[in-house]
Amino acid sequence: MRIVFMGTPEFAVPCLEGLVKEGNEVCGVFTRADKPQGRKFVLTAPPVKEAALRLGIPVFQPSTLRDEEARHTIGALRPELIAVVAYGRILPEEVLEIPALGCVNVHASLLPRLRGAAPIQWAVIRGENESGITTMHMAKGLDTGDMILRESTGIGENETGGSLHDRLIPIGARLLCRTVRLIAQGDAPRERQDDALATWAPIIDREVCRINWRAGAREIHNLCRGLNPSPSAFTMLGGSAIKIHSTVLTGEKCGAAPGEIVGAGDGGIAVCCGDGALLTVTALQEQGKRILPAAEYLRGHRLSGGVRFE
């Protein structure tokens, strides 16, 4: 099948590679612009662009899909199908109507749950015990199209957003390839989503990442693991931001104020939470420095009783 592929991050690369391996003619790849990365702000291509160039596929990086030039470029490629995986842009109706067989999307949740930009992180942040992949026929609206295939996977009690992301990658690639085969055969199902069951996974902004120590220990623990490895939960200490990368639920109680450090040693930094439960911080990171186990961090920082994370 002749396909235009749209995607940007590492999550989308195996999907692109899988389509090519199955013998589809990927006639063009659309991805986001190169961006500065790292401390030296080196201009870096998105992972999908690097993969497309390696596979010898033409790459397009328009700033928008809403102008006539972008639509003309897509139309000139004559795709039968457009496949979208974590592209980072909403496709306008004019683009959705270009391919004869429509547009399909790979979404990293079990729709209609967690529609939106960050379903993997929010699944963990909200303490859900199941996630998965859904492929769907794209339509006007945010992740509202008819579903084609779904595959679920459990979420471990201490699993991070990063580990769930990595486990979902091969599932997404496998389901996309199977979806394209079904479409080519004219056998792709259409299951309408129940909007009454929809939940949302909005963009992760700085306020989401900031720890509210008045919340319960499990809620804070879920936030820290959901945002690990990036963008990371953070708190303030002495006016400086500290990223909290990993925590452990102890099941112990304390009578101190929320955010107060009540113990610090080789086992980590014990902090009292809003529900009176202790949470142990086991890895953290000062701004501009590397991630440290709590025990190593404490060798250079004395956290005496009464010190509070803000």
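Structure: above.
What this report covers is the structure whose coordinates are included nearby. All values derive from a computational prediction rather than experimental measurement.

**Here's the deal with the environment of Leu176**
With respect to the secondary-structure elements, Leu176 resides in helix α6 (residues 161-185). Assessed through its relative accessible area of 1%, Leu176 is described here as buried. What Leu176 contacts, discounting residues up to four positions off in sequence, is Phe5, Cys15, Leu19, Ala83, Val85, Val104, Val106 and Thr135.

**Regarding helix α1 (residues 13-21)**
Those residues of α1 that fall on the buried side of the exposure criterion are Val13, Cys15, Leu16, Gly18 and Leu19. Summarising the contacts, the buried residues of α1 are in contact with β1 (2-7), β2 (25-30), α2 (47-55), β6 (81-85) and α6. Directly after α1, the chain includes Gly23, whose backbone phi takes a positive value near 90°.

**Comments concerning the packing of aromatic side chains**
All chains considered together, the criterion is met by two aromatic pairs. Arranged with centres 5.0 Å apart and planes meeting at 25°, the rings of Phe30 and Phe60 form a pair that is stacked. Linking Phe30 in strand β2 with Phe60 in strand β5 (residues 59-60), this pair joins segments that are 30 residues apart in sequence. Ring centres of Trp213 and Phe309 lie 5.5 Å apart, and the angle between their planes is 15°; on these two criteria the pair is classed as stacked. Residue Trp213 is found in the loop between α7 (206-209) and α8 (217-226), and its partner Phe309 is found in the segment after α9 (294-299); the two are separated by 96 residues along the sequence. In this pair, the class of Trp213 matches that of Phe309, namely buried. Here the guanidinium or amino end of Arg206 rests over the ring plane of Phe234, the centre of that ring lying 4.2 Å away.

**Digging into the packing of α1 against α2**
Contact geometry for α1 and α2: axes closest at 9 Å, N-to-C directions at 25°. Classified by the angle between their axes, α1 and α2 sit roughly parallel to one another. The hand of the α1/α2 crossing is right-handed. Where α1 abuts α2, its residues Val13, Leu16, Glu17 and Val20 lie against Pro47, Val48, Ala51, Ala52, Arg54 and Leu55.

**Looking at the nonpolar core**
Membership of the largest hydrophobic core comes to 74 residues, with the highest contact counts inside it found for Phe5, Leu16, Leu19, Leu176, Ile269 and Tyr297. Among the elements that make up this core, the one with the highest residue count is α6 (eleven residues). Not counting chain neighbours up to four residues away, the residues in contact with Leu16 comprise Phe5, Val26, Val29, Val48, Ala51, Ala52, Leu55 and Ile57. In terms of nonpolar packing, the next biggest core, distinct from the first, is built from 15 residues, Cys27, Leu77, Ile82 and Cys103 among them.

**Some points on the sheet that holds strand β9 (residues 147-154)**
In any sheet, the strands associate via hydrogen bonds between backbone groups, in a parallel or an antiparallel arrangement. Pairing within the open sheet is mixed, and its seven strands lie in the order β5-β2-β1-β6-β7-β8-β9. Edge positions in the sheet fall to β5 and β9, since each has one partner strand and no second. In terms of strand pairing, strand β7 (residues 103-107) meets strand β8 (residues 130-137) through four bridges, oriented antiparallel. Pairing of Val106 across the sheet is with Thr135, part of β8.

**Some words on the side chain of Asn105**
Along the chain, Asn105 turns up in strand β7. Relative accessible area serves as the criterion here: at 8%, Asn105 is assigned to the buried category. For Asn105, the contacting residues outside a window of four places in its chain are Val84, Val85, Thr134, Thr135, Met136, Met138 and Asp143.

**Digging into the packing of α1 against α6**
At a minimum axis distance of 8 Å, the contact between α1 and α6 shows a crossing angle of 35°. The crossing of α1 and α6 is right-handed. In contact with Pro14, Cys15, Gly18 and Leu19 of α1, α6 contributes Ile169, Gly172, Ala173, Leu176, Cys177 and Val180. Taken together, the residues of the contact of α1 with α6 break down into eight nonpolar, two polar and no charged.

**Structural notes on the state of the cysteines**
For the structure on display, the rule yields one disulfide. Across the disulfide, Cys254 is cross-linked to Cys272 (sulfur-sulfur distance 2.0 Å). Classification of the bridge connecting Cys254 and Cys272 rests on its S-S torsion, roughly 100°, and on that basis the disulfide is right-handed. Linking Cys254 in the loop between β11 (240-253) and β12 (261-265) with Cys272 in strand β13 (residues 268-272), this pair joins segments that are 18 residues apart in sequence. Given the relative accessible area of 0%, Cys272 is considered buried.

Procedures and definitions
- Residues numbered from 1 in each chain as written.
- Predicted model: local features only at pLDDT ≥ 70, side-chain atom pairs only at ≥ 80, totals over all residues.
- Heavy atoms only, no water.
- Helix = DSSP H or I, 4+ residues; strand = E, 2+ residues; numbered from the N terminus.
- Buried < 20%, exposed > 50% of the residue type's maximum accessible area, 1.4 Å probe, protein only.
- Contact = heavy atoms within 4.5 Å.
- Phe/Tyr/Trp six-rings, centres within 6.5 Å; stacked < 30°, edge-to-face > 60°.
- Lys NZ or Arg CZ within 6 Å of the ring centre and 35° of its normal.
- Axes fitted to C-alpha atoms, helices over the stretch in contact; angles between N-to-C directions.
- Parallel < 35°, antiparallel > 145°, perpendicular 65-115°, else oblique.
- Left-handed = near helix turned anticlockwise from the far one by under 90°.
- Core = buried A, V, L, I, M, F, W, Y, C linked by side-chain atoms within 4.5 Å.
- Pairing = 2+ DSSP bridges.
- Nonpolar A, V, L, I, M, F, W, Y, C, P; charged D, E, K, R; others polar.
- Disulfide = S-S within 2.5 Å.

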